[in-house]
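An overview of the molecular structure
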Amino acid sequence: MSIDIKQAYKIASDVLEGFKIYSCTELSDGWLFSFKNANGEGICIPPLKVSINGEALLHNETAAMYLDGSCSEKGKIIPLEDI
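The shown structure was predicted, so the numbers you read here are calculated from the model rather than taken from an experiment.

Should their charged atoms come close, side chains of opposite charge can pair. Following the criterion strictly, the structure yields two salt bridges and no others. Where Lys10 meets Asp14, a salt bridge forms, and the shortest distance between an N and an O atom there is 2.8 Å. You can see Lys10 and its partner Asp14 sitting in helix α1 (residues 5–15), four residues apart, about one turn around the helix. Its relative accessible area of 44% is what places Asp14 among the partly exposed residues. Across the pair Lys49 and Asp29 runs a salt bridge whose closest N-O atoms are separated by 2.8 Å. Highlighted residues: Lys49 in strand β3 (residues 48–51) and Asp29 in the loop between β1 (19–26) and β2 (30–37), separated in sequence by 20 residues. You can call Lys49 buried: its relative accessible area is 19%. Overall, the relative accessible area of 33% leaves Asp29 in the partly exposed class.

As structure tokens, then:
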């Protein structure tokens, strides 16, 4: 089974309910979604990776790699309005 970016976005939203997605990075094998609190405050958690098979896990890299939230060094940034 292979999912698309809209399905991945829905999975990410459901997994971290109460948080708001503010960044999406497309990888070769899925997508990374970065989050902030629903009230707009930043948080320090690793992004959620949703693989093309629909599996969702916190991406296990060092937190310092994600301080700007963009994960741009990992893949292609996808504007949220395009999802």
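Across a regular strand the side chains alternate sides, sitting on one face of the sheet and then on the other. The alternating pattern of β3 places Leu48 and Val50 and Lys49 and Ser51 on opposite faces, both of which are buried. Pairing geometry for β2 and β3, over four bridges, is antiparallel. Note that in β3 the partner of Phe33 across the bridge is Leu48. Counting the residues in the hairpin turn of β3 and strand β4 (residues 56–58) gives four residues, including Gly54, whose phi is positive at 95 degrees.

As summarised here, the arrangement of the five strands in space is β4-β3-β2-β1-β5, forming an open sheet in which the pairing is antiparallel. Of all the strands in the sheet, just β4 and β5 (76–77) have a single pairing partner and so form its edges. Note that β1 and β5 share two bridges and pair antiparallel. Looking at β5, one finds that Thr25 is bridged to Ile77. In the packing of α1 onto the sheet, the strands contacted are β1, β2, β3 and β4, and the crossing angle to β2 comes to about 40 degrees.

Right, let's get into the nonpolar core. Judged by nonpolar contacts, the single largest core of 13 residues is most densely connected at Ala12, Trp31, Phe33, Phe35 and Val50. At the level of elements, α1, β1, β2 and β3 are the ones that each hand at least two residues to this core. Setting aside chain neighbours within four positions, we find Val50 in contact with Ile3, Ala8, Ile11, Ala12, Gly30, Trp31, Phe33, Glu55 and Ala56.

Rules used in this analysis
- Residues numbered from 1 in each chain as written.
- Predicted model: local features only at pLDDT ≥ 70, side-chain atom pairs only at ≥ 80, totals over all residues.
- Heavy atoms only, no water.
- Salt bridge = Lys/Arg side-chain N within 4 Å of Asp/Glu carboxyl O.
- Helix = DSSP H or I, 4+ residues; strand = E, 2+ residues; numbered from the N terminus.
- Buried < 20%, exposed > 50% of the residue type's maximum accessible area, 1.4 Å probe, protein only.
- Pairing = 2+ DSSP bridges.
- Contact = heavy atoms within 4.5 Å.
- Axes fitted to C-alpha atoms, helices over the stretch in contact; angles between N-to-C directions.
- Core = buried A, V, L, I, M, F, W, Y, C linked by side-chain atoms within 4.5 Å.

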